[in-house]
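# Architecture and fold: a report
Residues per chain are reported as follows:
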Amino acid sequence: MTHIELAQGLHVIIGGHFPKCNTLVILDDEVVVIDPGCSIEDLRAFLMTQNLNLNDIGTVILSHIHPDHITHAVRLNRLSRCRIAANDITAPLFNDKEKMKNFLGFHRANPVRPLWENLVNSKMFGALEEGRIDEELHNGDKFALGNNTLRMVYTPGHLPDHMCIEILESNLVFGADIDLDLEFGPFYGHPNSSISDFKDSIRRLQHNDYNGLISGHLQTPVIEDYKTALAAYQRHIGMREDLVLAEIMNGAGTIAEITLRAIIYPSLTDPVFLQFETWMIEHHVASLLQRGLIEEKKKRYVAL
Ligand SMILES: [Zn+2]
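Everything quoted here is computed from the prediction, not taken from an experiment. Once a new chain begins, its residue numbering starts again from 1 and follows that chain's sequence as written. In keeping with the model being predicted, local features are shown solely for residues with a pLDDT of at least 70 and side-chain atom pairs are shown and tallied solely at 80 or more, while totals for entire chains, interfaces and linings include all residues. Neither water nor hydrogens contribute to the side-chain values; these are computed over all heavy atoms in the structure.

Quick look at the sheet that holds strand β5 (residues 57-61) now. The seven strands are arranged β1-β2-β3-β4-β5-β6-β7 in an open sheet whose pairing can be described as mixed. Looking at which strands have only one partner, the edges of the open sheet turn out to be β1 (3-7) and β7 (135-137). Strand-to-strand, the axes of this sheet are offset by a mean angle of 25 degrees, without reference to chain direction. One bridge is not enough; two strands pair if DSSP finds at least two bridges between them. Secondary structure elements follow DSSP: runs of H or I of four or more residues count as helices, runs of E of two or more count as strands, with numbering from the N terminus. The pairing of strand β2 (residues 10-13) with strand β3 (residues 23-27) spans four bridges and is classified as antiparallel. Counted as the bridge partner of His11 is Val25 from β3. In the packing of helix α3 (residues 73-80) onto the sheet, contacts are made with β5 and β6 (83-87), and the angle to β5 comes to roughly 160 degrees. Orientation is described by lines fitted to C-alpha atoms, with helices fitted over the stretch in contact, and by angles between N-to-C directions that extend from 0 to 180 degrees. Whether two residues are in contact is decided by their heavy atoms: any pair within 4.5 Å suffices.

Next up, the structure:
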């Protein structure tokens, strides 16, 4: 199955795991597509079941700047002249892909940059194309569509620009990369990701009583008991931190030594994933230092 209907006019095209994502399609006064990172053929096939085509899309909304979520935005804009909307942190990054690369840690001096660009161009082709955001959104902004009203909820941590999108009438929330996927996520693998912001964002979603959370990556995208799932998701971050601490207690004293144990991603055969792993381990080491559980002595981390 490539798509499911969540409510009248509210559909999810299943893109699944990275390098794709689940795409929300809302058929209302206009056709709205949130995070166009699913297969474009699946999106086209779904629209055809509704007697629509790709050039009937009126608005594309982006939850954040990650290539697997913005993949087809520029292409759809060219095809349909749809407007592209994103929040005020995402917008300047989308409008200048060099800024986006720097934001994600892939500045020119990073030797992994060309490998990451190759990964994006081979698996998420279109994400690095230059384009323009037509409408800037802000935290709490409402986007009225006739039968559906969307509301933007800033949820940083995964990245500073990450936002979730509430669908008020259905009382659902599109969690984007607060995706409840324990296999790949929670992901905070960039220099400007933040574990503490991520946890605050999880808590923010836990405080609201939604009918369900729509995951940006799970094959079964709607989780009704999302509060329990969010608790497990948050525990996963803590378990990783315990593993990092255990490695330091076992004598791993540098980021490179800790990273060799492949704590977050089981295989380190890919240099891009090794970079993500390194950044995530760096966040955990900073957190352990802040919690007073380790200290740095002669350029090596030691447990206290
Ligand atoms: Zn993401």
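Moving on, there is more to tell.
Moving on to the side chain of Thr278. Within the secondary structure, Thr278 is located in helix α10 (residues 271-290). When a residue's accessible area, from a 1.4 Å probe over protein chains only, is under 20% of the maximum for its type it is buried; when over 50% it is exposed; and in between it is partly exposed. When its relative accessible area of 18% is taken as the criterion, Thr278 is described as buried. Beyond its immediate stretch of four places on either side in the chain, Thr278 contacts Ile255 and Thr259.

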